[in-house]
Amino acid sequence: IRSLLAGGPLSGRHALVTSGPTWEPIDPVRFLANRSSGRQGHAIAAALADRGARVTLVSGPVSVPPPSGVTVTRVETAREMLAACTAALPADIAICAAAVADWRPAETATLKLKKGAGTPPPALALAENPDILATLSAPGPLRPALVVGFAAETNDVVAHGEAKRRSKGCDWIVANDVSGDVMGGAENEVHLITEEGVEHWPRLPKEAVAARLADRIAAVFA
Ligand code: CTP
Ligand code: CA
């Protein structure tokens, strides 16, 4: 409704955004997770809605509030996130800002694991999770016209980001250095990597990064 009334540059477009961490259960009370707060993904969802898009936000467990005017689907695991994303298609735009757990425990215990006197700690066998960004980027009738991924790196940020753009098949990569306080923090310093080249953006509040990215996206659909 907001997008129809607002008539912004993205009105009539459907944007799918992933945000937050995923939780991968070990047993009924324990899980594998990461430091993602969902702030960047949620800010992008809000910025796209502000420009008139209909936005589906698929969010892992976060404590940031859901942006107004956005349809939120809450999930816990990577596999649930993938299912929610494919169910949300078709979309014109997909932005994968979630910090998806790369691995999940190969088995989830139905009963809480117990420590026992004299027994060694259990070994945790892992299985690889599906890659949501690569799945959404794969050629096909449901591929969004513009697919944007993030690259969370701690070294050689641009080189790794460029390699990810190619290997995942997405159109743009927003590459950031997560060795400092970016994950969970309020600000982000990113490189926008496209087919045309690399742009370095200054360190900005995550809301400002989102606004700038949403303006770039709106220009594509102008
Ligand atoms: N991503 C995803 N599904 C996964 C893993 C990552 O959709 N199972 C997406 C993220 O949302 C992000 C991009 O892929 O947009 C890159 O994530 P990142 O963790 O930086 O890269 P990986 O490909 O997982 O490689 P690595 O963690 O080993 O650097
Ligand atoms: Ca990863």
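Keep in mind the model is a prediction, meaning the values are calculated, not measured.

**What to know about the pattern of salt bridges**
Between side chains of opposite charge, a pair can form as their charged atoms come close.
Alright, step 1. According to the stated counting rule, one finds eight salt bridges in the structure shown.
Alright, step 2. Across the pair Arg-143 and Asp-171 runs a salt bridge whose closest N-O atoms are separated by 3.1 Å. Here Asp-171 lies in the loop between helix H5 (157-168) and strand E10 (172-177) and Arg-143 lies in the loop between helix H4 (132-137) and strand E9 (146-153), a separation of 28 residues in the sequence.
Alright, step 3. Judged by its relative accessible area of 22%, Arg-143 falls in the partly exposed class.
Alright, step 4. Note on Asp-171: relative accessible area 23%, which makes it partly exposed.

**Brief notes about the packing of aromatic side chains**
Alright, step 1. The full count for this structure, using the stated rule, is one aromatic pair.
Alright, step 2. Judged by centre distance (4.1 Å) and plane angle (15°), the rings of Trp-23 and Phe-31 are stacked.
Alright, step 3. Judged by relative accessible area, which is 28%, Trp-23 ranks as partly exposed.
Alright, step 4. Sitting over the ring of Trp-201, Arg-212 keeps its end group 4.7 Å from the ring centre.
Alright, step 5. Its guanidinium or amino end placed over the ring of Trp-172, Arg-216 lies 5.8 Å from that ring's centre, counting from NZ or CZ.

**Brief notes about the coordination of the calcium ion (ligand 2)**
Alright, step 1. Around the calcium ion (ligand 2), the protein contributes the donor atoms Asp-102 (OD) and Asp-102 (OD), at 2.4 to 2.5 Å from the metal centre.
Alright, step 2. Following the sequence through the fold, Asp-102 ends up in the loop between strand E6 (93-96) and strand E7 (103-105).

**Looking at the site of ligand 1**
Alright, step 1. Around ligand 1 sit 14 residues in total, of which Cys-96, Ala-98, Pro-130, Lys-164 and Lys-168 are the nearest.
Alright, step 2. A distance of 2.7 Å separates an oxygen atom of ligand 1 from a polar atom in the backbone of Cys-96.
Alright, step 3. Contact distances for ligand 1 include 2.7 Å between an oxygen atom and a side-chain N or O atom of Lys-164.
Alright, step 4. In the complex, the protein chains occlude 76% of the 570 Å² of accessible area that ligand 1 would expose alone.
Alright, step 5. Among the cavities detected, the one that contains ligand 1 is the largest pocket.
Alright, step 6. Listed by contribution, the elements that provide at least two residues to the shell around ligand 1 are H4, E9 and H5.
Alright, step 7. The class makeup of the residues in the shell around ligand 1 is nine nonpolar, one polar and four charged.

**Some words on the nonpolar core**
Alright, step 1. Of all hydrophobic cores here, the largest spans 32 residues; its most connected members are Leu-48, Val-55, Ile-95 and Ile-217.
Alright, step 2. For this core, the secondary-structure elements that each account for two or more residues are strand E1 (14-19), helix H2 (39-50), strand E4 (54-59), E6, E9, E10, strand E12 (190-193) and helix H6 (206-220).
Alright, step 3. Setting aside residues no more than four positions away along its own chain, Val-55 makes contact with Ala-15, Val-17, Ala-45, Leu-48, Ala-49, Val-70 and Thr-71.
Alright, step 4. Within the second largest apolar cluster, 23 residues are counted, among which are Val-58, Met-81, Ala-84 and Val-157.

**A word on the UniProt feature "binding site: CTP" (unreviewed entry) in the protein chain**
Alright, step 1. Under the local residue numbering, the UniProt record ascribes the feature "binding site: CTP" (unreviewed entry) to Asp-102, Lys-112, Pro-130, Asp-131, Ile-132, Leu-133, Phe-150, Lys-164 and Lys-168. For the annotated residues, spread through 67 residues, the largest C-alpha to C-alpha distance comes to 37.6 Å, inconsistent with a single compact locus. Of the residues named above, Asp-102, Pro-130, Asp-131, Ile-132, Leu-133, Phe-150, Lys-164 and Lys-168 line the largest pocket.
Alright, step 2. Checked against the element boundaries, Phe-150 lands in strand E9.
Alright, step 3. Classification of Phe-150 as buried rests on a relative accessible area of 16%.
Alright, step 4. Apart from residues lying up to four places away in sequence, Phe-150 is in contact with Gln-40, Ile-44, Ile-95, Cys-96, Ala-97, Ile-173, Val-174, Asn-176 and Asn-188.
Alright, step 5. Residue position: Lys-168 is located in helix H5.
Alright, step 6. Accessibility expressed as a relative area gives 21% for Lys-168, which makes it partly exposed.
Alright, step 7. Among the polar contacts listed, one links the side chain of Lys-168 to the side chain of Asp-131, at a separation of 2.5 Å.

Rules used throughout
Residues numbered from 1 in each chain as written. Chains lettered and ligands numbered in written order. Predicted model: local features only at pLDDT ≥ 70, side-chain atom pairs only at ≥ 80, totals over all residues. Heavy atoms only, no water. Salt bridge = Lys/Arg side-chain N within 4 Å of Asp/Glu carboxyl O. Helix = DSSP H or I, 4+ residues; strand = E, 2+ residues; numbered from the N terminus. Buried < 20%, exposed > 50% of the residue type's maximum accessible area, 1.4 Å probe, protein only. Phe/Tyr/Trp six-rings, centres within 6.5 Å; stacked < 30°, edge-to-face > 60°. Lys NZ or Arg CZ within 6 Å of the ring centre and 35° of its normal. Donors = N, O, S within 2.8 Å, 3.2 Å for Na, K, Ca; no water. Near = heavy atom within 4 Å. Polar contact = N/O pair within 3.5 Å; in protein donor to acceptor, adjacent residues only side chain to side chain. Areas by Shrake-Rupley, 256 points an atom, 1.4 Å probe, with all protein chains shown as cover. 1 Å grid on protein atoms, 1.4 Å probe; cavity = no way out; pocket = protein on both sides within 12 Å on 5 of 7 lines; lining within 4 Å. Sits in = over half its atoms within 2 Å of the grid points. Nonpolar A, V, L, I, M, F, W, Y, C, P; charged D, E, K, R; others polar. Core = buried A, V, L, I, M, F, W, Y, C linked by side-chain atoms within 4.5 Å. Contact = heavy atoms within 4.5 Å. UniProt positions renumbered as here; feature names shortened; annotations may be inferred.

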